[in-house]
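Here is what each chain is made of, one letter per residue.
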Amino acid sequence: MDTLARALTGRLVTPSDAEYARAKLAFLTLYDDRRPAAIAWCETEADVQRCVEFAATQGIPVAARSGGHSYAGYSTPDGGLIIDVSHLDTVEVRADGVAIVGAGARMAGVYAGIGRAGRMLSAGTCPTVGIAGLTLGGGIGVLGRKCGLTSDQLIEARIVTADGAARTVSETREPDLFWALRGGGGGNFGVVTSFTFRTTPAEPLTVWSLDYPLDRRPRILASWQEWQAGQPDEMWSQCRVGRGFAQTSGCLVGPDTGLIDDLARRIGGNPVRYQRELDFPATMDHYADPVGERESFVSTSRMLTGPMDAQAMVDLVTTGPELFCLIDSFGGAIARGDGAFPHRDAIGSIQVTNKVRTTAADARGELAPVRRQLGEWFGAHGFVNYIDPDMPDWRQAYYGANAPRLAEIARTYDPNRVFAFPQGI
């Protein structure tokens, strides 16, 4: 490790350093027992190159870390090298509205920088998620139906591949690799150091939510799926259902013309209603998930591919005291996008999380029948941004018909599997 440390502009943290205990930690506490050989705090793209060359030469596990939110802990390789790009976090918006974002930027910083320029970008709501993993897996957000996935807005990327080369990829430069980076999953093809996005001029946004008593949960899901099917691209919405949750909410680009009233009438009852017109930065602050600095949960996903039995869904996702189900609407620009993301025809995505109360094994055990039943209802499809180490037939679930092409691209750029991990393509 001394050779690598001397080659870096940034800092290489090893187990003998006081910072190691903190530096190795990612978002989920489930993986705190892992002991990577070193964490490289990269300050330049050249640092990333030196790390990749070292890992390839030494034959040790290696993984990039941006926000550290991998649900399967893949950004914390036991005994391996973490290439931490969190210091590569600049956000620059050019006069033409094109945004150049460092791979280590987290969503709070991305939205602040783009918002200051009077622009918008469709991406996730958790403020501590890194732009890299989000984009490489597709990336959904409150502007998705209007603007597409985060990966749909990508027009260029800089990536260090397994040979240590730093490449610029786009529709015209190494287009196969560029295609793969747009929804083909993080960690499969190299370490991205920066992303170049097309942004859109900021518009007023209407944010809203309807909170109900728990007995309205089936009615929320039944009414929502009929209502959402008829909405314009400008309307994105979601449902939150669990033991203590009964909510639907959304974001409309522009002013409301009675669309939310229509949904409220369909559901009935007397919801607690919130509705405000906000600018883009305030909207993203509103939707910033109130998560702690670190969390302890397990998660799985399926894609909503057809009508759901609302009562059966509620019964399924309330079988455990800490189960929580989040359904996000797809369609619109998401359905028309390009790239390796395989779920363009989905109605939405389903994420189910389960907090760890005793052990991770117990939490995964409670989640298993939920995963299985959702698969029986909606098919063997899953969202790679919510990667689940227990997902059966994960290659088909996460990559679908694109899996063979993705595997061929991975073999081309990483023939010796420098970036191999258990669910790598």
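Thresholds applied
- Each chain carries its own residue numbering, running from 1 in the written order of its sequence.
- Where totals are concerned, whole chains, interfaces and linings use all residues; where local detail is concerned, this predicted model gives features only for residues with pLDDT of at least 70, and gives and counts side-chain atom pairs only at 80 or more.
- Based on all heavy atoms of the structure, the side-chain values leave hydrogens and waters out of the count.
- Ring pairs are drawn from Phe, Tyr and Trp, using the six-membered ring of Trp, whenever the two centres fall within 6.5 Å, and their geometry is named by plane angle: stacked under 30 degrees, edge-to-face over 60, tilted for the rest.
- The secondary structure listing takes helices from DSSP runs of H or I that are at least 4 residues long and strands from runs of E that are at least 2 residues long, numbered from the N terminus.
- We call a residue buried when its accessible area falls under 20% of the maximum for its residue type, exposed when it is over 50%, and partly exposed in between, using a 1.4 Å probe and counting protein chains only.
- Put simply, a charge is over a ring when the Lys NZ or the Arg CZ is close to the ring centre, within 6 Å, and near the line of the ring normal, within 35 degrees.
- A pairing counts as a salt bridge when a side-chain nitrogen of Lys or Arg comes within 4 Å of a carboxyl oxygen of Asp or Glu.
- Any two residues having at least one pair of non-hydrogen atoms within 4.5 Å are treated as being in contact.
- By disulfide we mean two sulfur atoms from cysteines, separated by a distance within 2.5 Å.
- Think of it this way: DSSP has to see at least two bridges between two strands before they count as a pair.
- Lys and Arg are tallied as positive, Asp and Glu as negative. Neither His nor the chain termini are counted.

A. Structural detail: the packing of aromatic side chains. Applying the stated criterion across every chain yields a total of 13 aromatic pairs. Measuring from ring centre to ring centre gives 6.4 Å for phenylalanine 27 and phenylalanine 297, while their planes differ by 70 degrees; the resulting arrangement is edge-to-face. Residue phenylalanine 27 is found in the loop between helix H2 (20-23) and strand E2 (38-41), and its partner phenylalanine 297 is found in strand E16 (residues 297-304); the two are separated by 270 residues along the sequence. The same class applies to phenylalanine 27 as to phenylalanine 297, namely buried. Their ring planes at 85 degrees and their centres at 5.8 Å tell us that tryptophan 236 and tyrosine 287 sit as a pair that is edge-to-face. On the criterion of sequence distance, the pair formed by tryptophan 236 in strand E13 (residues 235-242) and tyrosine 287 in helix H10 (residues 280-287) is long-range, its members being 51 residues apart. Under the relative-accessibility criterion, tryptophan 236 is labelled buried at 4%. Linked through ring pairs, Phe27, Tyr71, Phe297, Phe330, Phe341, Phe383 and Tyr386 together constitute an aromatic cluster. Against the face of tryptophan 179 rests arginine 405, its NZ or CZ located 3.7 Å from the ring centre.

B. Fine view of the pattern of salt bridges. For the coordinates displayed, the defined rule picks out 19 salt bridges. In this structure, arginine 11 engages glutamate 19 in a salt bridge whose closest nitrogen and oxygen atoms are separated by 3.1 Å. Since its relative accessible area comes to 34%, arginine 11 is described here as partly exposed. The network of salt bridges with shared partners includes Arg11, Asp17 and Glu19.

C. A look at the side chain of serine 194. Structurally, serine 194 can be placed in strand E10 (residues 191-198). Here serine 194 is in contact with Val101, Gly102, Ala103, Ala157 and Arg158, once residues within four sequence places are set aside.

D. Representation of the state of the cysteines within the structure. Across all of its chains, the model carries 0 disulfides by this definition. A disulfide-free cysteine, cysteine 147 has its sulfur positioned 9.7 Å from the sulfur of cysteine 251, the nearest such atom.

E. Representation of the pairing of strand E4 (residues 81-84) in the model. Burial along E4 is two-sided: Leu81 and Ile83 and Ile82 and Asp84, pointing in opposite directions, are all buried. Pairing geometry for E2 and E4, over 4 bridges, is parallel. From the neighbouring strand, tryptophan 41 faces E4, where its bridge partner is aspartate 84. Both strand E3 (residues 62-65) and E4 contribute to a ladder of 4 bridges, which runs parallel. Within E4, the residue paired with arginine 65 across the bridge is aspartate 84.

F. Examining the side chain of aspartate 47 more closely. Within the element layout of this structure, aspartate 47 appears in helix H3 (residues 45-58). The buried charged residue aspartate 47 lacks any salt bridge partner; its closest oppositely charged side chain belongs to arginine 50, at an N-O distance of 6.8 Å. In this structure, aspartate 47 is in contact with Ala7, Leu8, Thr9, Gly10, Trp41 and Cys42, ignoring residues within four places of it in sequence.

Such coordinate-based values are descriptive only and should not be taken to indicate function.
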